[in-house]
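# Report on the structure
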Amino acid sequence: MADDGYVLVTGGAGYIGSHTVLELLNAGYKVVVVDNLVNSSEEAIRRVEQLAGNVHVPFFNTDIRDYDGLDKIFTQYKVSAVLHFAGLKAVGESVQKPLEYHDNNVAGTITLLKVMRAHGSNVFVFSSSATVYGDATRFENMIPIPEECPTDPTSPYGHTKLIIEEILRDVAGSNDAQIKVGILRYFNPIGAHPSGRIGEDPRGIPNNLLPFVAQVAVGRREKLQVFGNDYDSRDGTPIRDYIHVVDLAKGHLAAVKKLNSITQPAFSREWNLGTGNGSTVFEIVHAFEKATNKPIPVEVVGRRKGDVVNLTAKPSRANTELDWHAQLTIDDSCRDLWKWATANPWGYGEQPDK
Ligand code: NAD
Ligand code: UFG
């Protein structure tokens with residue numbers, strides 16, 4: 001349960017952030033959101049407020065690199081914990097714009113940590129990614145992937161995640177800021193809230209599998225391109241550990257609870273958030289077809305640069321230490337994604353060129 005402070009959620013208008021804000025409100029936490037809306041819409045916050053029973057969520061359109069802007073918010077609200085989702089996340093774009101990615105993600109996190117230090121705010125949960133592991137099949141016996149697997153990200157985006165992890169371990173290990181840190185390495189979040197009111201609303205052409213499939217199903221795109229069927233897997237397509245976004249959101253509450261219970265000042269810990277089950281691209285496409293009764297036309301094309309064959313989590317550390325388990329299935333995710341996509345075929349926005 002909540003103590004008397006606020007949980008400050010950066011990137012709270014985004015896909016995973018908005019679902020987490022809702023779970024926090026449902027559990028009785030007070031929440032304040034900071035998001036510069038570079039990849040999201042304030043409408044997500046309005047809908048979260050409605051879903052939570054018309055609870056008001058203070059929202060600030062502020063960039064996390066803006067020290068003074070953050071400082072004002074921390075002065076106005078007593079922040080007992082920070083959940084840090086804000087960041088740029090498109091792998092391909094990060095190759096084109098590495099400086100923007102390092103500036104936004106790394107410099108932004110440093111600014112946020114400095115403001116936390118100035119205000120004595122000492123619980124920090126970070127959105128890291130399974131992408132920090134790189135190709136875990138370069139070792140024997142590393143699938144499913146444990147947190148001990150050596151890291152080796154393959155894109156500027158992945159580098160920002162690993163650099164931030166290192167900064168956080170340094171900060172947690174010093175007496176300077178006394179911040180307790182939870183590093184959550186997400187596998188592949190999918191689905192939407194079962195209400196169909198909030199979900200993923202990518203700008204432009206979706207990079208990720210499920211948003212693309214959903215746009216094919218609603219008629220916004222003609223077919224799915226499958227990036228390679230010559231991998232060493234049961235049907236030749238890569239394997240991922242797809243996790244329902246609501247399960248993922250609940251993992252953050254478990255992490256906050258755990259960090260609040262830690263009495264030692266210098267604490268940091270990595271936790272994988274995944275299901276432990278891997279699915280291929282074709283298996284996901286078939287699950288979506290089954291959930292929606294809609295055929296998804298596919299075309300197999302060449303491999304996408306940087307893709308690895310298998311990212312399946314070993315989630316046992318989070319299962320035991322956070323007392324958290326993913327509970328929803330791929331079928332649940334497909335059903336909920338479909339509800340969101342059919343109710344909001346243009347996401348939070350309007351259909352262009354009507
Ligand atoms: P998202 O783009 O929907 O949400 C990120 C939010 O951060 C957006 O609302 C965006 O407007 C905001 N933001 C970006 N830069 C900002 C800045 N400088 N100041 C303030 N706000 C800023 O993405 P998401 O899928 O919800 O991802 C959330 C976090 O989880 C990200 O850090 C991402 O890297 C990480 N992650 C995502 C996935 C995934 O597959 N979705 C996987 C692993 C890790
Ligand atoms: N895929 C296609 N066609 C598409 C999109 C994806 O075949 O149009 C395939 C990819 O090749 C991959 C699988 O679907 O085999 C999943 O691809 P996504 O882009 O949905 O997800 P990734 O595993 O590549 O990456 C995602 C996030 C990363 C995060 C990683 C963690 O985008 O930020 O999950 O596992 F780091």
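It should be noted that the structure appears before, not after, this text.
Report on the accompanying structure. (Residues numbered from 1 in each chain as written. Chains lettered and ligands numbered in written order. Predicted model: local features only at pLDDT ≥ 70, side-chain atom pairs only at ≥ 80, totals over all residues. Heavy atoms only, no water.)

## Remarks on empty space enclosed by the protein
The full count for this structure, using the stated rule, is two cavities of 30 Å³ or more. A class-by-class count of the residues in the lining of the largest cavity yields eight nonpolar, three polar and three charged. (1 Å grid on protein atoms, 1.4 Å probe; cavity = no way out; pocket = protein on both sides within 12 Å on 5 of 7 lines; lining within 4 Å. Points joined across faces, edges and corners; volume = space filled by probe spheres on them. Nonpolar A, V, L, I, M, F, W, Y, C, P; charged D, E, K, R; others polar.)

## Examining the sheet that holds strand β14 (residues 310-311)
An order of β12-β9-β14 is seen for the three strands of this open sheet, with the pairing classed as mixed. Of all strands in the sheet, those with a lone pairing partner are β12 (279-280) and β14, marking the two edges. Direction of pairing for strand β9 (residues 239-240) relative to β14: parallel, over a ladder of two bridges. When the sheet's bridge partners are listed, R240 is paired in β14 with L311. (Pairing = 2+ DSSP bridges. Helix = DSSP H or I, 4+ residues; strand = E, 2+ residues; numbered from the N terminus.)

## Topic: the packing of aromatic side chains
Two aromatic rings, taken as a pair, are described by how far apart their centres are and by the angle between their planes. This model, assessed by the stated rule, comprises six aromatic pairs. Measuring from centroid to centroid gives 4.9 Å for Y6 and Y77, while their planes differ by 70°, and the two rings are edge-to-face. In this pair, Y6 is assigned in strand β1 (residues 6-10) and Y77 in the loop between α3 (67-76) and β4 (79-84), connecting sequence segments 71 residues apart. With centroids separated by 5.0 Å and ring planes inclined at 55°, the aromatic side chains of W340 and Y348 adopt a geometry described as tilted. Take W340 and Y348: they sit in the same class, and that class is buried. (Phe/Tyr/Trp six-rings, centres within 6.5 Å; stacked < 30°, edge-to-face > 60°. Buried < 20%, exposed > 50% of the residue type's maximum accessible area, 1.4 Å probe, protein only.)

## Thoughts on the site of ligand 1
Residues in contact with ligand 1 amount to 26 residues; listed here are only the nearest, D35, N39, S40, K89 and Y157. Between an oxygen atom of ligand 1 and a side-chain N or O atom of K89, the distance comes to 2.8 Å. Taken together, the elements giving at least two residues each to the shell around ligand 1 come down to α1 (15-26), β5 (123-129) and α6 (156-172). (Near = heavy atom within 4 Å. Polar contact = N/O pair within 3.5 Å; in protein donor to acceptor, adjacent residues only side chain to side chain.)

## Comments concerning the packing of helix α7 (residues 209-217) against helix α9 (residues 281-292)
To characterise two packed helices, one gives the angle between the axes of the helices and the distance between these axes. Interhelical geometry of α7 versus α9 gives an angle of 40° and a closest axis separation of 11 Å. With respect to α9, the axis of α7 lies oblique. The way α7 lies across α9 gives a crossing that is right-handed. Contacts between α7 and α9 involve L209, L210, V213, A214 and A217 from the former and V281, I284, V285 and F288 from the latter. Taken together, the residues that form the contact of α7 with α9 break down as nine nonpolar, no polar and no charged. (Axes fitted to C-alpha atoms, helices over the stretch in contact; angles between N-to-C directions. Parallel < 35°, antiparallel > 145°, perpendicular 65-115°, else oblique. Left-handed = near helix turned anticlockwise from the far one by under 90°. Contact = heavy atoms within 4.5 Å.)

## A word on the site of ligand 2
Within the structure, ligand 2 sits among 21 residues, and S129, N188, Q225, R240 and D307 are positioned closest to it. Contact distances for ligand 2 include 2.9 Å between an oxygen atom and a backbone N or O atom of F227. Burial of ligand 2 by the protein chains amounts to 91% of its free accessible area of 680 Å². Examining the composition of the shell around ligand 2, we find that four residues originate from one element, strand β8 (residues 224-227), more than from any other. Split by residue class, the shell around ligand 2 holds 12 nonpolar, six polar and three charged. (Areas by Shrake-Rupley, 256 points an atom, 1.4 Å probe, with all protein chains shown as cover.)

## Some points on the pairing of β1
In terms of burial, β1 is largely enclosed, as four of its five residues are buried. Sheet analysis places β1 next to strand β2 (residues 30-34), joined by five bridges and oriented parallel. Each bridged residue has a counterpart across the sheet, and for T10 the counterpart in β2 is V34. Assessed by its sense of winding, the connection that carries the chain from β1 through α1 to β2 is right-handed. Bridge count between β1 and β4: five bridges; the pairing is parallel. Bridged to T10 within β4 is H84. (Right-handed = clockwise from strand over helix to strand, strands pointing away.)

## Describing the pattern of salt bridges
Inspection of every chain in the model, using the stated rule, returns 23 salt bridges. Salt-bridge contacts for R169 lead to E165; the nearest nitrogen and oxygen are separated by 3.1 Å. You can see R169 and its partner E165 sitting in helix α6, four residues apart, about one turn around the helix. Residue R317 pairs with E270 through a salt bridge whose shortest N-O separation is 3.6 Å. With R317 in helix α10 (residues 316-321) and E270 in strand β11 (residues 267-273), the pair connects residues that are 47 residues apart, well separated along the chain. The pair formed by R317 and E270 is uniform in burial state, with each residue classed as buried. Connected through salt bridges with shared partners, the residues E147, E148, E165, E166, R169, R185, E270 and R317 form a single ionic network. (Salt bridge = Lys/Arg side-chain N within 4 Å of Asp/Glu carboxyl O.)

Just geometry here; none of it tells us what the structure is for.
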